[in-house]
Amino acid sequence: TRGDELFAALRRLDARGGGVAGAIGELAKAVAMSSKAAVLNDRAAYLDLASQATQGVTRRLAYAAVLISDGNVEGAWDAAKSGPGREALVQAISIVTDPTIRVQFQTKLVDLAGSASGSMLRAVQSALPLMGVAHAEENFALLSKHVVEGRERASAANAIMQIPRAAWKKELAAGVCEAVLAYAKTISAEDRTKQSFVELNQFGVEMATLAESAGVRKELRRLGVPVFVVKTVPEQMRYDVQRIVVE
């Protein structure tokens, strides 16, 4: 069957080791578009592959197939007990197109965010915007807290930019933009041209605009460089920057 062929191709590419990320990326599209029936027969094999795969992208795809097969998150969550396995499962959320499956991760992500660090925390932050409009305000507040506390600040800022503007809260924006400004002042002029800083600084300007903090916005513009980074927002047919103002 097509499902069996998809699994066999994924396993072969994983066994080949490096240099096949592009091909596996194409398989990711096929997995994402698969119906529950297409992957159900290979569910156990995908779960085994998720724990035994040599490449991270393979683990993510395998967990995505398990999620699609189950139609819920509990089986995969219970199976992914190790740090790398749990991280791969969280990263797999972006592959799953069914919002009714993704939203089941909300409370689990919030719980993880309390103790996670490093790449695991970045994975959680990236997944939070995928939890849907119903949780957008809650996740904006959580990610804002991460920015203020300096917990994977750049990743948290990028995640906020993926959340609908209607969920952004003015009362939180002032503290966020002030935290970004305080951090920006510690960055050397040489490093302010790096994309990571440009994106964070641009985010700070967005927050200052929302908070109506003209002084903070002016200072951030002074510290930044005249470059705008515009990204697409998954499944929303829009860009994360809605307006560019030249002063």
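Below, the structure is looked at part by part.

Definitions and limits used
Residues numbered from 1 in each chain as written. Predicted model: local features only at pLDDT ≥ 70, side-chain atom pairs only at ≥ 80, totals over all residues. Heavy atoms only, no water. Helix = DSSP H or I, 4+ residues; strand = E, 2+ residues; numbered from the N terminus. Buried < 20%, exposed > 50% of the residue type's maximum accessible area, 1.4 Å probe, protein only. Contact = heavy atoms within 4.5 Å. Areas by Shrake-Rupley, 256 points an atom, 1.4 Å probe, with all protein chains shown as cover. Lys, Arg positive; Asp, Glu negative; His and termini not counted. Charge placed at Lys NZ, Arg CZ, Asp CG, Glu CD. Axes fitted to C-alpha atoms, helices over the stretch in contact; angles between N-to-C directions. Parallel < 35°, antiparallel > 145°, perpendicular 65-115°, else oblique. Left-handed = near helix turned anticlockwise from the far one by under 90°. Core = buried A, V, L, I, M, F, W, Y, C linked by side-chain atoms within 4.5 Å. Salt bridge = Lys/Arg side-chain N within 4 Å of Asp/Glu carboxyl O. Phe/Tyr/Trp six-rings, centres within 6.5 Å; stacked < 30°, edge-to-face > 60°. Nonpolar A, V, L, I, M, F, W, Y, C, P; charged D, E, K, R; others polar.

Overview of the overall build of the protein
- Each helix and strand in the protein was counted, giving 15 helices and two strands.
- Across its three principal axes, the protein shows a C-alpha extent of roughly 60 × 35 × 35 Å.
- Taken across its 247 residues, the protein has 48% of its residues classed as buried.
- Within the protein, residue pairs in contact and separated by at least 24 positions form 69% of the contacts whose partners lie at least 6 positions apart.
- Total accessible area on the protein stands at roughly 12000 Å², and carbon and sulfur atoms take up 54% of it.
- Taking the average place of the 30 positive charges on the side chains of the protein and the average place of its 27 negative ones, the gap between the two points comes to 3 Å.

Looking at the environment of Val 198
- Residue placement: Val 198 occurs in helix H14 (residues 195-211).
- Taking C-alpha positions, Val 198 is 6.7 Å from Gly 224, a pair spaced 26 residues apart along the chain.

Section: the packing of H14 against helix H15 (residues 214-223)
- Where H14 contacts H15, the axes come no closer than 9 Å and their chain directions differ by 165°. As summarised for this structure, H14 and H15 are arranged roughly antiparallel, according to the angle between their axes. Judged by the sense of rotation from one axis to the other, the crossing of H14 with H15 is left-handed. Residues Phe 197, Asn 201, Gly 204, Val 205, Ala 208 and Thr 209 of H14 pack against Val 216, Arg 217, Leu 220, Arg 221 and Leu 223 of H15.

Brief notes about the nonpolar core
- One finds Tyr 46, Phe 105, Leu 109, Phe 203 and Met 207 to be the most contacted residues of the largest nonpolar core, which totals 79 residues.
- The leading source of residues in this core is helix H5 (residues 56-70), at eight residues.
- Setting aside residues up to four positions removed in sequence, Met 207 forms contacts with Phe 140, Ile 160, Trp 168, Ala 173, Val 176 and Cys 177.

Overview of the pattern of salt bridges
- What the rule picks out here adds up to nine salt bridges.
- Between Lys 108 and Glu 74 there is a salt bridge; the shortest N-O distance is 3.4 Å. On the criterion of sequence distance, the pair formed by Lys 108 in helix H9 (residues 106-115) and Glu 74 in helix H6 (residues 74-79) is long-range, its members being 34 residues apart.
- Taking the relative accessible area as the measure of exposure, Lys 108 reaches 15% and is therefore buried.
- Arg 165 is paired through a salt bridge with Glu 206; the nearest N and O atoms lie 3.6 Å apart. Of this pair, Arg 165 sits in the loop between helix H12 (153-160) and helix H13 (170-184) while Glu 206 sits in helix H14, and the two are 41 residues apart along the sequence. In this pair, the class of Arg 165 matches that of Glu 206, namely buried.

Thoughts on the packing of aromatic side chains
- The final tally for this structure, using the stated rule, is three aromatic pairs.
- When the centroid spacing of 4.9 Å and the interplanar angle of 80° are considered together, the rings of Phe 7 and Tyr 46 count as edge-to-face. Remark: Tyr 46 occurs in helix H4 (residues 43-52) and Phe 7 occurs in helix H1 (residues 2-15); sequence separation between them is 39 residues.
- A relative accessible area of 7% places Phe 7 in the buried class.
- Arranged with centres 6.1 Å apart and planes meeting at 20°, the rings of Phe 140 and Trp 168 form a pair that is stacked. Pair noted here: Phe 140 is in helix H11 (residues 136-149) and Trp 168 is in the loop between H12 and H13, with a separation of 28 residues, a long-range link.
- Relative accessible area serves as the criterion here: at 0%, Phe 140 is assigned to the buried category.

Here we look at the packing of H13 against H14
- The N-to-C vectors of H13 and H14 enclose an angle of 145°; their axes lie 8 Å apart at closest approach. Pair H13 / H14 crosses with left-handed handedness. On the side of H13, the interface is formed by Lys 170, Ala 173, Ala 174, Val 176, Cys 177, Val 180, Tyr 183 and Ala 184, while H14 contributes Phe 197, Leu 200, Phe 203, Gly 204, Met 207, Ala 208, Leu 210 and Ala 211.
- In terms of residue class, the contact of H13 with H14 is made up of 14 nonpolar, one polar and one charged.

What about unusual backbone geometry?
- With phi around 45°, Glu 152 is a residue other than glycine that occupies positive phi space.
- Residue position: Glu 152 is located in the loop between H11 and H12.
- A residue is classified by how much of its surface remains accessible, and Glu 152, at 27% relative accessible area, is partly exposed.
- In this structure, Glu 212 takes a positive phi of about 60° despite not being glycine.
- Note that Glu 212 resides in the loop between H14 and H15.
- Given a relative accessible area of 61%, Glu 212 falls into the exposed group.

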